Amino acid sequence: MGRLTAIVLGSAAGGGFPQWNCRCPVCRLAWAGDPRVRPRTQASLAVSANGEDWILVNASPDLPEQVRRASALHPRGKTRGSPIRAILLTGAEIDQVAGLLSLREREPFVLCATASALSLIEDNSMFGVLPPSVVTRRTIKSGESYALPGDLQAEFFAVPGKAPLYIEGDDPETTSETAGNMGVEIRAGGARLAYVPGAAAVTAQMRQRLARADAVFFDGTLFRDDEMIATATGSKTGRRMGHMPIDGIDGSLRALAGLRARRLYIHINNTNPILVEGSPERACVTSKGWEVAADGLEVAL
């Protein structure tokens with residue numbers, strides 16, 4: 001068996017970077033072709049322990065382009081065939097599930113998600129293009145370990161957050177751990193990585209779990225909690241959206257200080273100045289030992 005390897009298929013939050021309708025200060029740099037920023041697709045990860053069988057974590061709307069860019073995911077062997085064996089969903093937000101519709105060519109794989117996430121998919125008739133006779137549904141529960149193709153083990157864990165945007169209502173609960181927002185730990189050969197693209201807070205149990213990991217991909221949506229308000233791009237704070245900020249007394253930089261793992265921010269909103277190489281915000285996170293994940297980055301453990 002080879003090394004546990006993750007490929008960052010996409011590193012941006014919903015809408016990608018630059019966002020199609022945005023001229024915030026960071027997006028303006030991208031539209032102008034400033035070399036300090038690079039375009040990014042919506043967050044997703046590909047993981048393998050043998051280089052042959054690949055597991056995706058979430059299926060972003062950009063999935064077809066992400067597959068084209070990642071040679072490890074290209075078709076191989078017979079006329080039709082894919083090395084993608086399973087897709088794990090940490091939730092049912094649009095930027096986590098819309099890419100499934102691009103996998104409707106009757107290629108078998110296993111779809112793993114909580115009962116609540118699978119229910120939202122089954123309730124939407126569009127996903128009928130992925131019949132269970134071809135795409136096997138597997139209901140997962142928090143805290144239980146599951147064997148996956150390619151000698152991988154996965155364990156989902158609850159993370160404080162909220163329901164998907166399209167069902168959240170006017171005053172969603174964002175601080176509770178529910179089956180609607182999950183993190184996932186993937187293990188192989190003694191190595192383990194954790195993927196948490198959305199977190200409203202870090203609990204003691206989460207901190208203990210992340211302390212055991214060799215690599216942590218963590219919610220980097222906003223640098224400051226009021227970032228979207230300050231840039232006139234939205235009216236909600238990060239926490240109202242289910243995302244704790246990076247900076248601040250109760251931000252993720254402080255909450256996760258001292259982890260031994262390789263630490264990478266992912267699911268980065270288009271307004272976040274850590275996207276700008278050389279910015280004070282980028283310098284802040286790198287000085288604390290964090291990396292800013294980029295599309296195409298490969299992490300081998």
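Residues numbered from 1 in each chain as written. Predicted model: local features only at pLDDT ≥ 70, side-chain atom pairs only at ≥ 80, totals over all residues. Heavy atoms only, no water.

Asks: I would appreciate a short explanation of the sheet that holds strand 12 (residues 262–266) in the present structure.
Replies: Across a sheet, strands are paired by hydrogen bonds formed along the backbone, either parallel or antiparallel in direction. Spatial ordering of the open sheet is given by 7-8-9-10-11-12-13, a layout of 7 strands whose pairing is mixed. With one partner strand each, in any of the chains shown, strand 7 (145–148) and strand 13 (290–292) form the two edges of the open sheet. Pairwise comparison of adjacent strand axes, ignoring direction, gives a mean angle of 25° for this sheet. In the sheet, strand 10 (residues 191–196) pairs with strand 11 (residues 215–219) via 4 bridges, with the strands oriented parallel. Looking at strand 11, one finds that Val196 is bridged to Phe218. Against the sheet, helix 5 (residues 204–211) makes contact with strand 8 (152–160), strand 9 (177–188), strand 10 and strand 11, and its axis sits at roughly 150° relative to strand 8, the strand it touches most. (Pairing = 2+ DSSP bridges. Helix = DSSP H or I, 4+ residues; strand = E, 2+ residues; numbered from the N terminus. Axes fitted to C-alpha atoms, helices over the stretch in contact; angles between N-to-C directions. Contact = heavy atoms within 4.5 Å.)

Asks: What am I meant to see in the nonpolar core here?
Replies: Generally speaking, soluble globular proteins have nonpolar side chains that are buried together. Ranked by size, the top nonpolar core spans 35 residues in total, and within it Phe17, Val196, Leu210, Phe218, Tyr265, Ile274 and Val285 carry the most contacts. Of all elements in the fold, only helix 1 (25–31), strand 8, strand 10, helix 5, strand 11, helix 8 (280–287) and strand 13 reach the threshold of two or more residues within this core. Among the elements that make up this core, the one with the highest residue count is helix 1 (4 residues). When near neighbours in sequence (up to four residues on either side) are disregarded, Phe17 contacts Ala12, Val26, Cys27, Ala30, Val37, Arg38, Pro39, Arg40, Asn270 and Leu275. Ala6, Leu45, Ala188 and Leu193 belong to the second largest nonpolar core, which has 32 residues in total. (Core = buried A, V, L, I, M, F, W, Y, C linked by side-chain atoms within 4.5 Å. Buried < 20%, exposed > 50% of the residue type's maximum accessible area, 1.4 Å probe, protein only.)

Asks: What should I look at first to understand the packing of aromatic side chains in this one?
Replies: Within a pair of aromatic rings, the relevant descriptors are the distance that separates the centres and the angle that separates the planes. Evaluation of the coordinates by the stated rule reveals 2 aromatic pairs. A ring pair is formed by Tyr195 and Phe217, whose centres lie 6.3 Å apart and whose planes are at 50°; its orientation type is tilted. Taken together, the residues Tyr195 in strand 10 and Phe217 in strand 11 connect sequence positions 22 residues apart. Neither Tyr195 nor Phe217 differs from the other in exposure class; each is buried. Ring plane angle 15° and centroid distance 4.1 Å describe the contact between Tyr265 and Trp290, whose orientation is recorded as stacked. (Phe/Tyr/Trp six-rings, centres within 6.5 Å; stacked < 30°, edge-to-face > 60°.)

Asks: Can you walk me through the pairing of strand 11 in this structure?
Replies: Along a regular strand, successive side chains alternate from one face of the sheet to the other. Of all 5 residues making up strand 11, 5 are buried, and the element is well covered by its neighbours. Handedness of the strand 10-helix 5-strand 11 crossover: right-handed. Of the pairings in the sheet, the one linking strand 11 to strand 12 comprises 5 bridges and is parallel in character. Each bridged residue has a counterpart across the sheet, and for Ala215 the counterpart in strand 12 is Arg262. (Right-handed = clockwise from strand over helix to strand, strands pointing away.)

Asks: What's the story with the sheet that holds strand 14 (residues 298–300) in this structure? I'm lost.
Replies: With mixed pairing, 7 strands are arranged side by side in an open sheet as 6-5-4-3-2-1-14. In this open sheet, the two strands that pair with only one neighbour each are strand 6 (135–139) and strand 14. Across the sheet, the axes of successive neighbouring strands diverge by a mean angle of 20°, strand direction being ignored. Sheet topology note: the strand 1 (residues 5–10)/strand 14 ladder contains 3 bridges and is antiparallel. Opposite Ala6, over in strand 14, you have Val299 as the bridge partner.

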